[in-house]
Structures are given as C-alpha cells and as structure tokens.
Amino acid sequence: MFGYIIINKAEMKFKEFDLYHAYYCGICRDLKRRYGAAGQISLSYDMTFLAMLLTGLYEPETREGTCKCLVHPFESHATRNNIFTEYAADMNALFAYYKCQDDWQDEKKLRGLLYGRVLEGRTEGLRKSYREKWGRLGKLMQAFNQAERDPGADIDTLAGLFGQVMAEIVAVRQDEWEENLRRLGFFLGKFIYLMDAYEDIEEDLKKGTPNPLKERYACPGFEEECRAILTMMMSECCREFETLPILDNVEILRNVLYSGVWCRYGAIREKRKKEQDAGQGKEKRDAGKNHRK
C-alpha cells in the first residue's frame, strides 16, 4: 500500500535530491543494523518523508557519513542518520510485518508467511521500545484488516481506519505538535489508501478481490470524483503541514506533498487512458469488419 509518498525528481534541485537520498540511505543503514538484510528488503521511500518531516520539526543531532551497499557496490553514497531515521526504520519493519500477515490471511502467500516469521522475531524488541504505540497500532491494524474483509465496508470507513494508523505513526511524541502531526498523518493515510484502491480497481475487478471503489467504477464521472477526493485529502494534509515551524528540508517536503504524491496518479491515469483508447480503437475496427461483411 506504499510507494505514493515520493518526490517529483524533475522539479527538484540536484543538491535537494542528494540530501533526500542521503536520508533514504540512512534509513537503509538503520534497517540493516537493526533488522539485518531482511529489514533492508522492506525499505520504502515513504518513510524517507517521515524521517525528514520529523527531523525538520524537531531538529535532532544528525550524523553525516558515506556508505557502499550491494545495490551500489562501486560508489559511496552520502548518508544521514538520527533518532528519526531509526524511528522510520522501525516503523518500516513493523509495517512490513503487518503486510506479511495480511498477505497470508488474504491470499495464503507462502513467501509472505516465511518473511513475516523472520520479521516477527526481529521486531520483537519493538514491543518494549514502543509498548503503547505497538498496542494501539496492533488494534488499529486488526480493525482495518477486519473491515477490509467485510463486503459491506464503505470507503470512508476503510480510508479513515488507515488514516488513524498513519496518524499514530506520524505523531511520534506527546507534545504541542502532536495534534497537528496526527491530523497530517490522518489525511495522508486516507490519501494513501484511496490511491491504492484507485490504482488496483481494474485488477481487483478481474480477480474478484474486494475494493471499495467497485460500485463507483462504472458510474459516469468516476475519474473526476476520485481526483476531487484525493485533492481534498492532500489539501487538508498540506494545511496541517504549513502550520508546523519547519525550516530545514522544507522545500523537499513541499516537493513531496504538492507534487510528488501526484506522480503515481499521473502515471496511472496515462496508462489507463492509453488502454481505454486502444480498446475503443479495437471496437471501431471490429465494427468496421462486421459492417463490410
């Protein structure tokens, strides 16, 4: 369900991209150090946004370094690490564990079951480090997974539950910024869930798997309705972001929120339009052949 909270590289300065990538590599290092190679597999660009958001807000001491890795064995990459890259790594691993559980329950994916068991052992320490948060996230994820399996669950309920999950993750501390971060995370989570449902709608229709947009898909104005809802979610998310006193990384964070989150949407729309145009062209050709007969 991730892969939407990314940068728009085309609208980013080189130095900004280098800084963004340094945090990404920093999270990768933290995943390896805390969870081994199994943790690194779960690495997501979405958590880079989280680490940079919290770093910009709280301005912790940040270590700069370089590293090489299996993906880039011949050149060094800059890294940035702090308490929030560690937190992002922890949340990344935890989400990967929940996803494995969900994949096994929904589709009986053996690979997900085995990977989940590896992560279960390595994320055991999170229960102690985030005792209260672990409990709240566990209950929220259980409610979300149960709602997903309910054929009668509406999209507002499902998106709201995932929004609560993201709110819990983004609000890292109980302080003066907690409510702003919770609201930011809530609307960001709703956007992620809605984007995921929007992207998967055609595949889910073919497979017969649940998708809360199924009833809307055949209705006129489906695309416009989805765009309007997604825009509303991101508008609320951006509103909360602009209330935060962030100076460091602010242009990178705005790149993500105002532009990057729409990159995947644009790619989906373009692909869908090409497929629809190709289908209409085929229908016209077939109609022409039948007419000549």
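Owing to the predicted nature of the structure, the values given are computational and were not obtained by experimental measurement.

The rules behind each value
Residues numbered from 1 in each chain as written. Predicted model: local features only at pLDDT ≥ 70, side-chain atom pairs only at ≥ 80, totals over all residues. Heavy atoms only, no water. Buried < 20%, exposed > 50% of the residue type's maximum accessible area, 1.4 Å probe, protein only. Helix = DSSP H or I, 4+ residues; strand = E, 2+ residues; numbered from the N terminus. Pairing = 2+ DSSP bridges. Axes fitted to C-alpha atoms, helices over the stretch in contact; angles between N-to-C directions. Parallel < 35°, antiparallel > 145°, perpendicular 65-115°, else oblique. Contact = heavy atoms within 4.5 Å. Nonpolar A, V, L, I, M, F, W, Y, C, P; charged D, E, K, R; others polar. Polar contact = N/O pair within 3.5 Å; in protein donor to acceptor, adjacent residues only side chain to side chain. pLDDT = per-residue confidence, 0-100.

## Here we look at the pairing of strand S2 (residues 77-81)
Right, on to step 1. Only one face of S2 is buried: it carries His77, Thr79 and Asn81, and the other face, with Ala78 and Arg80, is open.
Right, on to step 2. Sheet topology note: the strand S1 (residues 63-67)/S2 ladder contains five bridges and is antiparallel. Among the inter-strand pairings, glycine 65 is bridged to a residue of S2, identified as threonine 79.

## Overview of the packing of helix H1 (residues 14-40) against helix H2 (residues 46-58)
Right, on to step 1. Closest axis-to-axis distance for the H1/H2 pair is 9 Å, and the angle between their directions is 105 degrees. Overall, the two elements H1 and H2 adopt an arrangement that is roughly perpendicular. Two secondary-structure elements touch here, H1 through Leu19, Tyr20, Tyr23, Tyr24 and Ile27 and H2 through Met47, Thr48, Ala51, Met52 and Thr55.
Right, on to step 2. When the residues that make up the contact of H1 with H2 are grouped by side-chain class, the tally is eight nonpolar, two polar and no charged.

## Some points on the side chain of serine 44
Right, on to step 1. Among the structural elements, serine 44 can be located in the loop between H1 and H2.
Right, on to step 2. Looking at serine 44, the relative accessible area reads 13%, which means it is buried.
Right, on to step 3. Engagement of the side chain of serine 44 in a polar contact is seen with the side chain of aspartate 46, the distance being 2.6 Å.
Right, on to step 4. Once residues within four sequence positions are removed from consideration, serine 44 is found in contact with Phe2, Tyr24 and Asn92.

## A closer look at unusual backbone geometry
Right, on to step 1. Located in the positive-phi region is glutamate 59, a residue other than glycine, with phi close to 50 degrees.
Right, on to step 2. One non-glycine residue, asparagine 249, lies in positive phi territory at about 70 degrees.
Right, on to step 3. Within the secondary structure, asparagine 249 sits in the loop between helix H10 (222-241) and helix H11 (250-258).

## With respect to the confidence of the model for the protein
Right, on to step 1. Summing up the model confidence of the protein, the mean pLDDT is 87 and the portion of residues at 70 or higher is 88%.
Right, on to step 2. Across the protein, element-level confidence peaks in H11 with a mean pLDDT of 97 and bottoms out in helix H4 (residues 110-122) with 66.

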